[in-house]
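If you want the building blocks of each chain, they are given just below.
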4 protein chains.
Amino acid sequence: MKIDPQVESKFSRLAENVQMWNTHHDNTWDASISENLTIIEARPDFLVFEFEVAENHTNGIGNLHGGCVATLIDLCSSLAILVSDEKHVQWRTPGISTELAVSYIAGAPEGTKLRIENELLRSGKTLANLYTKIFNESGKLCYSGTHTKFCMDSRL
Amino acid sequence: MKIDPQVESKFSRLAENVQMWNTHHDNTWDASISENLTIIEARPDFLVFEFEVAENHTNGIGNLHGGCVATLIDLCSSLAILVSDEKHVQWRTPGISTELAVSYIAGAPEGTKLRIENELLRSGKTLANLYTKIFNESGKLCYSGTHTKFCMDSRL
Amino acid sequence: MKIDPQVESKFSRLAENVQMWNTHHDNTWDASISENLTIIEARPDFLVFEFEVAENHTNGIGNLHGGCVATLIDLCSSLAILVSDEKHVQWRTPGISTELAVSYIAGAPEGTKLRIENELLRSGKTLANLYTKIFNESGKLCYSGTHTKFCMDSRL
Amino acid sequence: MKIDPQVESKFSRLAENVQMWNTHHDNTWDASISENLTIIEARPDFLVFEFEVAENHTNGIGNLHGGCVATLIDLCSSLAILVSDEKHVQWRTPGISTELAVSYIAGAPEGTKLRIENELLRSGKTLANLYTKIFNESGKLCYSGTHTKFCMDSRL
């Protein structure tokens, strides 16, 4: 996973978690999306990634696989917890998932460059809520998702 | 993907789709779950898989990755459309996803043998609804999911 | 809300909560479904209601309103927390909702007698997961739903 | 249901449906929210309501009932289909629900004036996808929801 240097210098919790992620995910399920994923923008409660669809992310009809969409939303929205606004509880780590829901709106074939926008709706003491929209190069919405996470900071 | 010979002989639409899947998914997103997946039981509107969690299905803390759970539910529940009861419209292919939602209830570490039960709630002319429960060897429910699919038979 | 006497005598936490509910919900949102709702069966982790659709539960085209379906699932599945099996943490009260999702499968016109089956999938220290299926008199599945609740017992 | 005169004059499909709604919903499930609901802003793909929580919208602990939140999202987001941008298929009526999911983030007690923002993500030939955010007077997000609808125009 790559990260824009300006984002890296401004958001330290995010930078640390990305660095840790890059060190420890050689053979995990999400390793195959890592090299195609770049953090390109961040502001409080909002984090944007770019991702290019490769052949090994597709389904039998040549579009981004529904399970890969879910994996992208899981990973990308989780990291948005680490750019939270001051009004929220500040989690040190992205916690674990309790619910993930995806709406499939339009397909994205191999080679598509996707823009993945993640919004942190709330992070409280126990739960965080996130919302993700994934657009293609023409600005067409292809997928959206909601994600709920459970804080694990106290158990670390 | 393997299939129990008795299931294969009794459910022809399922058998054809599994055979086609095995031929055409060498480099797709779900290829990495295929070799660990076996169809072990089927009856009208109900299809059961067994799946063993390997290292490349896990997340950074050693449990089955949330995105892999979503991919399993996507793939396994889709095939349950092909063992539909006579009261439903009979789809020839599993269509495309419109919505997928997962609840994460308990973790499943590497080596866990999961039982993936998929129920076809309805298949109509346009939409199908599916519900999945995933248990570990002790019978504990680890994950559940709902999946909605859109029929593509008329476009084939 | 009515309750079968046998269920009432066997499930004391449920009986107490139903009694409290009947005392305190004269003018709440769910009051208008109360008189048409009866608890007819219960076993550990499973609770069944009967409900007859009246005119004031319908939408503009004469079927049970989508918001009324959501309200029924909210209320009925919450009470299933109170018939939990020994393997779960025993909540004294049904807590508050964090997520509710409904699938609309078939319509139910005024006069339909619905069977509302609620399954408690898990109740832990913090969260509970429930699943609901609503059938008409012919046994056709009309609606299904998932519900996640947050325990408030420690704050009472 | 009230509608801002400027919105009414600019969005004719919306105005007609609101007028029809006001004529035909005396005794439906959503009648009890109608008098407290006003359309205050509209632009292509985006529709905003104001709603004041009254006692008969609350639950046993004095907050807006989860089922009333679902009913509000159902009704308000449906009408956003009628202010669609030119890039979408133009539905004449809001169709029927196939899926509705709500996240409960913060409570809203009686007297709260809510702002209900509804975004039309897509309306195609068969399905429409909507996303709703509900804020209190302080701009705090209290609830969010996703809604999928099925077009019925061809059957009218």
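Residues numbered from 1 in each chain as written. Chains lettered and ligands numbered in written order. Predicted model: local features only at pLDDT ≥ 70, side-chain atom pairs only at ≥ 80, totals over all residues. Heavy atoms only, no water.

## As for the overall build of chain A
1) Next: If you tally the helices and strands in chain A, you get four helices and seven strands.
2) Next: Here the C-alpha radius of gyration of chain A, 15 Å, is about what a compact globule of 156 residues would show, namely 15 Å.
3) Next: The principal-axis extents of the C-alpha atoms in chain A amount to approximately 45 × 30 × 30 Å.
4) Next: Each of the 156 residues in chain A was classed as buried or not, and the buried ones make up 62%.
5) Next: Across chain A, every contact between residues at least 6 apart in sequence was considered, and the portion connecting residues at least 24 apart equals 66%.
6) Next: Carbon and sulfur atoms provide 47% of the accessible area of chain A, an area that totals close to 6200 Å².
7) Next: Mean positive and mean negative side-chain charge positions of chain A (14 and 20 charges, respectively) differ by 8 Å. (Helix = DSSP H or I, 4+ residues; strand = E, 2+ residues; numbered from the N terminus. Rg over C-alpha atoms; globule rule 2.2 N^0.38 Å. Buried < 20%, exposed > 50% of the residue type's maximum accessible area, 1.4 Å probe, protein only. Contact = heavy atoms within 4.5 Å. Areas by Shrake-Rupley, 256 points an atom, 1.4 Å probe, with all protein chains shown as cover. Lys, Arg positive; Asp, Glu negative; His and termini not counted. Charge placed at Lys NZ, Arg CZ, Asp CG, Glu CD.)

## As for unusual backbone geometry
1) Next: One non-glycine residue, Asp45 of chain C, lies in positive phi territory at about 70 degrees.
2) Next: Taking relative accessible area as the criterion, Asp45 of chain C reaches 9% and is therefore assigned buried.

## Here we look at the relation of the copies chain B and chain A
Here the second copy of the chain follows from the first by a rotation about an axis and a shift along it.
1) Next: Rotating chain B by 180 degrees about the axis while translating it 0.0 Å along that axis superimposes it on chain A, leaving an RMSD of 0.0 Å. The transformation relating the two chain copies, once decomposed into turn and shift, fits a two-fold axis. Taking C-alpha positions as the reference, the residue of chain B nearest the rotation axis is Ala101 of chain B, at 2.0 Å.
2) Next: Looking at the interface residues of chain B, 100% of them are also at the interface in chain A, so both copies use one shared face. (Least-squares fit on C-alpha atoms with pLDDT ≥ 70 in both.)

## Concerning the relation of the copies chain C and chain A
1) Next: In the superposition of chain C on chain A (RMSD 0.0 Å, axial shift 0.0 Å), the rotation amounts to 180 degrees.
2) Next: A shared interface surface links the copies, since 100% of the contact residues of chain C are contact residues in chain A too.

## Brief notes about the packing of aromatic side chains
1) Next: Counted according to the given criterion, the structure contains eight aromatic pairs over all chains.
2) Next: On the basis of an interplanar angle of 80 degrees and a centroid distance of 6.0 Å, the ring pair of Tyr104 of chain D and Tyr143 of chain D is categorised as edge-to-face. Here the residue Tyr104 of chain D occupies a position in strand 4 (residues 96-104), and Tyr143 of chain D occupies one in strand 7 (residues 141-150), the gap between them amounting to 39 residues. No difference in accessibility class separates Tyr104 of chain D from Tyr143 of chain D, as the two residues are buried.
3) Next: The side chain of Arg43 of chain C reaches across the aromatic face of Phe46 of chain C, ending 4.0 Å from its centre. (Phe/Tyr/Trp six-rings, centres within 6.5 Å; stacked < 30°, edge-to-face > 60°. Lys NZ or Arg CZ within 6 Å of the ring centre and 35° of its normal.)

## Re the interface of chain C and chain A
1) Next: If you look at the interface, chain C gives seven residues, while chain A gives seven residues.
2) Next: Contact between chain C and chain A buries roughly 510 Å² in total, counting both sides, with carbon and sulfur atoms accounting for 61%.
3) Next: Across the chain C-chain A interface, the total number found is zero salt bridges.
4) Next: At the level of secondary structure, the elements contributing two or more residues to the side of chain C that touches chain A comprise strand 4 (96-104), strand 6 (127-135) and strand 7 (141-150) of chain C. (Buried area = accessible area lost by both parts, 1.4 Å probe. Salt bridge = Lys/Arg side-chain N within 4 Å of Asp/Glu carboxyl O.)

## As for the pairing of strand 5 (residues 113-123) of chain B
All names here are of chain B.
1) Next: Most of strand 5 sits inside the fold, with eight of its 11 residues counted as buried.
2) Next: As judged from the seven bridges shared by strand 3 (residues 46-52) and strand 5, these two strands associate in the antiparallel manner. When the sheet's bridge partners are listed, Phe49 is paired in strand 5 with Ile116.
3) Next: Here strand 5 runs beside strand 6 (residues 127-135); their pairing, made up of eight bridges, is antiparallel. Along strand 6, the bridge assignment pairs Glu119 with Tyr131.
4) Next: Hairpin connection, strand 5 to strand 6: the antiparallel pair is bridged by three residues. (Pairing = 2+ DSSP bridges.)

## Some thoughts on the pairing of strand 2 (residues 37-43) of chain C
Residue and element names in this part refer to chain C.
1) Next: Relative to strand 2, strand 1 (residues 2-3) runs parallel, the two being bridged by two bridges. When the bridges of strand 2 are listed, Ile3 appears paired with Ile39.
2) Next: Pairing between strand 2 and strand 3 (residues 46-52): six bridges, direction antiparallel. Residue Arg43 lies in a different strand from strand 3, and its bridge partner there is Phe46.
3) Next: Between the end of strand 2 and the start of strand 3, which pair antiparallel, lie two residues, with Asp45 showing a positive phi angle near 70 degrees.

## Topic: the interface of chain B and chain A
1) Next: With 30 residues of chain B at the contact, the number on the chain A side is 30 residues.
2) Next: Around 2300 Å² of area is buried between chain B and chain A when both sides are counted, 56% of it from carbon and sulfur atoms.
3) Next: Here chain B is connected to chain A by zero salt bridges.
4) Next: The tally of links from chain B across to chain A stands at 14 residue pairs in polar contact (both at pLDDT 80 or more).
5) Next: Among the elements of the structure, helix 3 (31-34), helix 4 (66-80) and strand 4 (96-104) of chain B are those that each provide at least two residues to the side of chain B that touches chain A.
6) Next: The element that contributes the greatest number of residues to the side of chain B that touches chain A is strand 4 of chain B, accounting for nine residues.
7) Next: Its residues assigned to classes, the side of chain B that touches chain A comprises 10 nonpolar, 16 polar and four charged.
8) Next: Pairing geometry for strand 4 (residues 96-104) of chain A and strand 4 of chain B, over five bridges, is antiparallel. Residue pairing across strands places Ser103 of chain A opposite Glu99 of chain B, the latter belonging to strand 4 of chain B. (Polar contact = N/O pair within 3.5 Å; in protein donor to acceptor, adjacent residues only side chain to side chain. Nonpolar A, V, L, I, M, F, W, Y, C, P; charged D, E, K, R; others polar.)

## Brief notes about the environment of Trp29 of chain A
1) Next: Position of Trp29 of chain A among the secondary structure elements: in the loop between helix 2 (12-24) and helix 3 (31-34).
2) Next: Looking at Trp29 of chain A, the relative accessible area reads 4%, which means it is buried.
3) Next: Among residues more than four places away in sequence, those in contact with Trp29 of chain A are Thr71 of chain A together with Trp29, Ser32, Ile33, Asn56, His57, Thr58, His65, Gly67, Cys68 and Thr71 of chain B.

## What about the UniProt feature "domain: Thioesterase" (unreviewed entry) in chain A?
1) Next: The positions that UniProt labels "domain: Thioesterase" (unreviewed entry) are, in the present scheme, residues 62-142 of chain A.
2) Next: A helix fraction of 19% and a strand fraction of 38% characterise residues 62-142 of chain A, whose end C-alpha atoms lie 15 Å from each other. (UniProt positions renumbered as here; feature names shortened; annotations may be inferred.)

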